[in-house]
Number of protein chains: 2
Amino acid sequence: MSAAEAETAARMFKALGDPVRLRLFSAVASHEGGEACVCDISDVGVSQPTVSHHLKKLKEAGLLTSERRGTWVYYRVEPSVLAAMGQLLAIPAAA
Amino acid sequence: MSAAEAETAARMFKALGDPVRLRLFSAVASHEGGEACVCDISDVGVSQPTVSHHLKKLKEAGLLTSERRGTWVYYRVEPSVLAAMGQLLAIPAAA
DNA sequence: AGGCTGGTTCGACGTGTGTCAACATGGACT
DNA sequence: AGTCCATGTTGACACACGTCGAACCAGCCT
């Protein structure tokens, strides 16, 4: 594994390396229709600005995409990135 | 996903959220026999104490186990933890 | 015993990260 | 227009993290 590959992949793992972000990500992923508005998932024990901050981090890492529809902002998971991470873990597991 | 579950899982993702650790982990996993001694994988661009520090972090996260055999210390991946992480990513990918 | 090589631990330094309160933005509704 | 509500942004602070050099431990070798 090259240094550049590691840099890219580590950014994704790092994005999930926080309990709050992991719960937010899981909440979006398991929500009906694969998308959720912020108001539905902001009960994770931290203040609302902190939720927004973490969602921004997840978006920067490429794990989520956001879209504004009227008053609310909806977040959706990016399946391709998820598959890449899963494959990265599956290879050593098979060996 | 509960707060306790997120805490545990986030520790594993966080452990892989560093390029150096990701390369070390990948090197151990892809090494012959599923195990590697530190001297075989310590060419990742950082000093040797730093390598030891990161290996300790991976061990604390439950991703690696270490065993001393004579002069050398061998590290090995923990397959069960790997499978748990993969499942955590596979569930949202399928939905 | 004494030295040599491989690994770990310690102490310290700079940087990054998570968190919040306060403020700004942007759309809906009257 | 003007107000309200849902989000995002900014600034600031404490804490954790990555990194290194130096000191320290654990086995082999002569």
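Refer to the structure above for everything that follows.
As a convention, each chain's residues are numbered from 1 in the sequence order in which they are written. Each chain gets a letter, beginning with A, and each ligand a number, beginning with 1, in the order they are written. Reporting in this predicted model follows two pLDDT cut-offs: at least 70 for local features of residues, and 80 or more for side-chain atom pairs to be given and counted; totals over whole chains, interfaces and linings ignore these cut-offs and use all residues. Side-chain measures were taken over the full set of non-hydrogen atoms in the model, leaving aside hydrogen atoms and water.

Colleague: Help me understand the relation of the copies chain A and chain B in this model?
Modeller: Relating one copy of the chain to the other takes a rotation about an axis and a shift parallel to that axis. Least-squares fitting of one copy onto the other uses the C-alpha atoms of those residues that reach a pLDDT of at least 70 in both copies. Note on the copies: chain A fits chain B at an RMSD of 0.1 Å, the axial shift is 0.0 Å, and the rotation between them is 180°. The relationship between the two copies is best expressed as a two-fold rotation axis.

Colleague: Just to check I follow, could you spell out the state of the cysteines for this structure?
Modeller: Note on terminology: a disulfide is the covalent bond linking the sulfur atoms of two cysteines. Residues and elements named next belong to chain A. When the sulfur atoms of two cysteines come within 2.5 Å, that pair is taken as a disulfide. Following the criterion strictly, the structure yields 2 disulfides over all chains and no others. The residue that forms a disulfide with Cys37 is Cys39, at a sulfur-sulfur distance of 2.3 Å. Throughout, exposure labels follow a simple rule: accessible area from a 1.4 Å probe, protein chains only, divided by the maximum for the residue type, with under 20% read as buried, over 50% as exposed, and the rest as partly exposed. Looking at Cys37, the relative accessible area reads 4%, which means it is buried. In this structure Cys39 comes out as partly exposed when scored by relative accessible area, which is 47%.

Colleague: What's the story with the side chain of Arg21(A) in this structure? I'm lost.
Modeller: Residue and element names in this part refer to chain A. Starting at the N terminus, helices and strands are each numbered in turn, a helix being any DSSP run of H or I of at least four residues and a strand any DSSP run of E of at least two. Its location among the elements puts Arg21 in helix 2 (residues 19-29). In this tally, Lys and Arg are treated as positive and Asp and Glu as negative; His is ignored, and so are the chain termini. Salt bridges are counted wherever a side-chain nitrogen of Lys or Arg sits within 4 Å of a carboxyl oxygen of Asp or Glu. In this structure Arg21 is buried but unpaired, with Asp18 as the nearest side chain of opposite charge at 4.8 Å. Of note is the side chain of Arg21, whose polar atom sits 3.4 Å from the backbone oxygen of Lys14. At 3.1 Å, the side chain of Arg21 and the side chain of His54 are in polar contact. Here, residues are in contact when the closest pair of their heavy atoms is within 4.5 Å. Leaving out residues up to four positions away in the same chain, Arg21 has contacts with Lys14, Ala15, His54, Lys57 and Leu58. As used in this structure description, the phrase polar contact means that two N or O atoms lie within 3.5 Å; if the pair is within protein, one of them must be able to donate a hydrogen and the other to accept it, and residues adjacent in sequence are counted only when both atoms belong to side chains.

Colleague: For this particular structure, what's the right way to read the nonpolar core?
Modeller: Grouped together as the largest cluster of nonpolar side chains are 56 residues, with contacts concentrated most on Leu16(A), Leu63(A), Leu16(B) and Leu63(B). Leu16(A) has contacts with Leu22(A), Phe25(A), Leu58(A), Leu63(A), Met85(A), Ala10(B), Phe13(B) and Leu89(B), leaving out every residue within four places of it along the chain. Put simply, buried Ala, Val, Leu, Ile, Met, Phe, Trp, Tyr and Cys residues joined by side-chain atoms within 4.5 Å make one nonpolar core.

Colleague: Help me out: how do you make sense of the protein's contact with DNA strand C in this one?
Modeller: The nearness test applies per residue and asks whether one of its heavy atoms lies within 4 Å of the molecule or strand. Close to DNA strand C lie 24 residues, the nearest being Arg21(A), Thr50(A), His54(A), Gln48(B) and Tyr75(B). Per the 4 Å cut-off to the protein, sugar and phosphate atoms form 76% of the nearby atoms of DNA strand C. The side chain of Arg21(A) places a nitrogen or oxygen atom 2.7 Å from a phosphate oxygen of DNA strand C. The separation between a phosphate oxygen of DNA strand C and a polar main-chain atom of Val38(B) is 3.5 Å.

Colleague: How should I be thinking about the sheet that holds strand 1 (residues 35-37) of chain A in this particular structure?
Modeller: Within a sheet, each strand pairs with its neighbour through backbone hydrogen bonds, oriented either parallel or antiparallel. Residue and element names in this part refer to chain A. Spatially, 1-3-2 is the arrangement adopted by the 3 strands of the open sheet, whose pairing is antiparallel. A strand with exactly one partner marks an edge of an open sheet, and here the two such strands are strand 1 and strand 2 (64-69). Taking each pair of neighbouring strands and ignoring which way they run, the sheet shows an average axis angle of 25°. Most of the contacts of helix 2 go to strand 3 (residues 72-77), to which it runs at about 90°, and overall it touches strand 1, strand 2 and strand 3. Against the sheet, helix 4 (residues 48-60) contacts strand 2 and strand 3, and its axis sits at roughly 120° relative to strand 2. We call two strands paired when DSSP finds no fewer than two bridges between them. Under this scheme, a helix contributes an axis fitted over its contacting stretch, all axes are lines through C-alpha atoms, and angles between N-to-C directions fall in the 0 to 180 degree range.

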